[in-house]
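# Structural overview for review
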Amino acid sequence: ECVIMAGGRGKRLSPLTDKIPKPMLPLDKKPIIEYNIDRLVSFGVKKIYITINYLGDVIKEYFKDGSSKGIQIEYIEEKKFLGTAGSISLIDNIKTDSFILMNSDLFTDVDFEKLYLNFINQKADMAIATNNYVHDVPYAVVETDGKNIQKFTEKPSFVYSTNAGIYIIKKKFTKYIPKDKFFDITDLMSFLISKKYKLICDNINGYWIDIGSPSEYKLAKEMVKNFNN
């Protein structure tokens, strides 16, 4: 089973999101969220919970009960914004021992099977999909021992593993999410780490765009256009 978080306001994409919720912004002929649903279906997911808040009726009207996709969709309505994990506390009928949690505004070819197999094979309690973020420093970096220069590195690049907004979580840990209160997924991650549970990361080898700004939305639209040509 899968939970898709689709309740955000998308203020950075205003005025585009003034009348349309961010997950429903079109990429070519389909809303952003539909690419994620179709990918989940292609990996065999049969039940999806979609958490909604801002303009949630637009999402409900489009996907309805999910039968057009051959799946079951259930909507979880937030009365207030509950963060990136808080609305999970409103779901009381997840049947699988673990579930996928993901943001709705991603454009990615993430391999859900690889993520799940690593989660199982490494006996993890939670798996986090990651993406490489490269930071290029446009200057020579000086390394010192406090006073004396030890080394110069000309315009180095640093690669960081960053959170890609896709997770696999054991259902039993939902009990740690406070009921109907603001709670981010990073709060749960920090708690599990403090209790010595096993969290693993799995890098996305393909493409990944978090569509949170006009420039990222433009890039995703260009990529989709190239895929369809």
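In short, a report on the structure. Predicted model only: the values in this text are computed from it and were never measured. (Residues numbered from 1 in each chain as written. Predicted model: local features only at pLDDT ≥ 70, side-chain atom pairs only at ≥ 80, totals over all residues. Heavy atoms only, no water.)

The next subject is the environment of Lys 225. Locating Lys 225 in the fold gives a position in helix H5 (residues 214–228). By relative accessible area, which is 53% here, Lys 225 ends up exposed. Sequence-wise, Lys 225 and Asp 28 are 197 residues apart; in three dimensions their C-alpha atoms are separated by 6.7 Å. (Helix = DSSP H or I, 4+ residues; strand = E, 2+ residues; numbered from the N terminus. Buried < 20%, exposed > 50% of the residue type's maximum accessible area, 1.4 Å probe, protein only.)

So, on to the pattern of salt bridges. Summed over all chains, the structure comprises 9 salt bridges. Across the salt bridge formed by Asp 38 and Lys 30, the nearest N and O atoms sit 2.7 Å from each other. According to the relative accessible area criterion, Asp 38 is partly exposed, its value standing at 24%. For Lys 30, a relative accessible area of 23% translates into the label partly exposed. Close ionic contact of Glu 74 with Lys 47 constitutes a salt bridge, the shortest N to O distance being 3.3 Å. Separated by 27 residues along the polypeptide, Glu 74 in strand E5 (residues 72–77) and Lys 47 in strand E4 (residues 47–52) bring together distant segments of the chain. Residue classification places Glu 74 among the partly exposed residues on the basis of a relative accessible area of 24%. In this structure Lys 47 comes out as buried when scored by relative accessible area, which is 9%. (Salt bridge = Lys/Arg side-chain N within 4 Å of Asp/Glu carboxyl O.)

Another aspect to go through is the packing of aromatic side chains. Evaluated as defined, the whole model comprises 8 aromatic pairs. Both rings, one in Tyr 62 and one in Phe 63, keep their centres 4.8 Å apart while their planes meet at 75°; by these two values the pair is edge-to-face. With relative accessibility at 3%, the residue Phe 63 sits in the buried group. On the basis of an interplanar angle of 25° and a centroid distance of 6.2 Å, the ring pair of Phe 173 and Tyr 176 is categorised as stacked. Assessed through its relative accessible area of 1%, Phe 173 is described here as buried. Judged by its relative accessible area of 29%, Tyr 176 is partly exposed. In textbook terms, an aromatic cluster arises when at least three aromatic residues are bridged by ring pairs, as seen for Phe 173, Tyr 176, Phe 191 and Tyr 197. (Phe/Tyr/Trp six-rings, centres within 6.5 Å; stacked < 30°, edge-to-face > 60°.)

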